[in-house]
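Chain by chain, the residues:
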Amino acid sequence: YYISFRRSTNVSAYFDLGQDRLRPIDYSALSGNVEWHSHSEGVSVYSAPKPYLAMSGGYNQGTVVNYSPPANEGPAPVNMVSPSMNLELKPATGLDLQTSYVYTHFTQPDSGEDIYENHELISRWNYQLTKAASFNLIGQYISTLPHEEATDLTNSKTLFADALFTYMPHPGTALYVGYIGNFANIDRSLCTREENDTCSPAD
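The next point concerns unusual backbone geometry. The phi angle at arginine 7 is positive, at roughly 60°, despite the residue not being glycine. Along the chain, the position of arginine 7 falls in the loop between β1 (2-5) and β2 (9-22). What makes arginine 7 exposed here is its relative accessible area of 59%. Its identity as a non-glycine residue notwithstanding, serine 8 has a phi of 50°, on the positive side. Note on placement: serine 8 falls in the loop between β1 and β2.

Now the structure itself:
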């Protein structure tokens, strides 16, 4: 459902139904074929009251399938909630700044205990120097915070920093010069040590 208002403002709502069929060949912990039903519903709002300002946000929830179950267990339905927001600014000619944040939280349907949560923050800055030349900066932070007893996901935090210069004098010809930097919380000194002080290949 979609409702449009003045000043480039609109509100939308949705409802979604799904079904997943999983087999022992997909997950060895399953003794036979299983079918899980899922549903989700949500609302979103978008508004651009000024040429230099646009805002949006949303909220969705429902029951989905956890495809990352604990070891020796098969996937099962979990509850999910996910709010999000986005802000776009154009403070000067040729300059476009966008920042978005998405939070997703999964819990057990019966007890409400945490399974895991995701945080995703993305910022994109674009500067159109001329009609043919532009410069882009993208920063992205993603973290996964699991409840170890409820999922096989590991605690992870990653940061991406990308820069790109584009020169496109006409369609069919383009020059790209960029830099990509990825950082993650991976520290080899945190491994389980054998007696000879080497990392255990089993852990």
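Our next topic: a nonpolar patch on the surface. The grouping of Trp125, Tyr127, Leu129, Phe135 and Leu137 at the surface amounts to a nonpolar patch, some 460 Å² of accessible area in total. Only β7 (114-128) and β8 (133-146) provide two or more residues apiece to the nonpolar patch. Here phenylalanine 135 lies in strand β8. On the accessibility criterion, phenylalanine 135 (32% relative accessible area) is partly exposed.

Scanning the model with the defined rule gives two salt bridges in all. One salt bridge connects glutamate 35 with arginine 21, and the closest N-O pair in it is separated by 2.5 Å. With glutamate 35 in strand β3 (residues 34-50) and arginine 21 in strand β2, this pair connects stretches of sequence that are 14 residues apart. Overall, glutamate 35 belongs to the partly exposed group, its relative accessible area being 37%.

To continue, consider the pairing of strand β4 (residues 53-66). Where β3 lies against β4, 10 bridges are found, and the strand directions are antiparallel. Residue pairing in the sheet places serine 40 in a bridge with glycine 62 of β4. Where β4 meets strand β5 (residues 76-89), 14 bridges bridge the pair, whose relative direction is antiparallel. Of the residues in β5, the one forming a bridge with glycine 57 is methionine 85.

Reading guide: rules and limits
- All residue numbers here refer to positions counted from 1 along the written sequence of the relevant chain.
- The predicted nature of this model means local features are confined to residues of pLDDT at least 70 and side-chain atom pairs, given and counted, to a pLDDT of 80 or more, with totals for whole chains, interfaces and linings taken over all residues.
- To obtain the side-chain values, all non-hydrogen atoms of the structure were used and water was disregarded.
- Working definition: helices are DSSP H or I runs of at least four residues, strands are E runs of at least two. Numbering for both runs from the N terminus.
- Under the scheme applied here, a residue whose accessible area is under 20% of the maximum for its type counts as buried, over 50% as exposed, and between as partly exposed, the area being computed with a 1.4 Å probe on protein chains only.
- Within the patch definition used here, like charges are joined within 9 Å and nonpolar side chains (Val, Leu, Ile, Met, Phe, Trp, Tyr) within 5 Å, considering only residues with over 30% relative accessible area and no salt bridge.
- Calculation of accessible area relied on Shrake-Rupley with a 1.4 Å probe; when residues are assessed, cover is drawn exclusively from the protein chains displayed.
- A carboxyl oxygen of Asp or Glu within 4 Å of a side-chain nitrogen of Lys or Arg is what we treat as a salt bridge.
- The pairing criterion is simple: DSSP has to find at least two bridges between the two strands.

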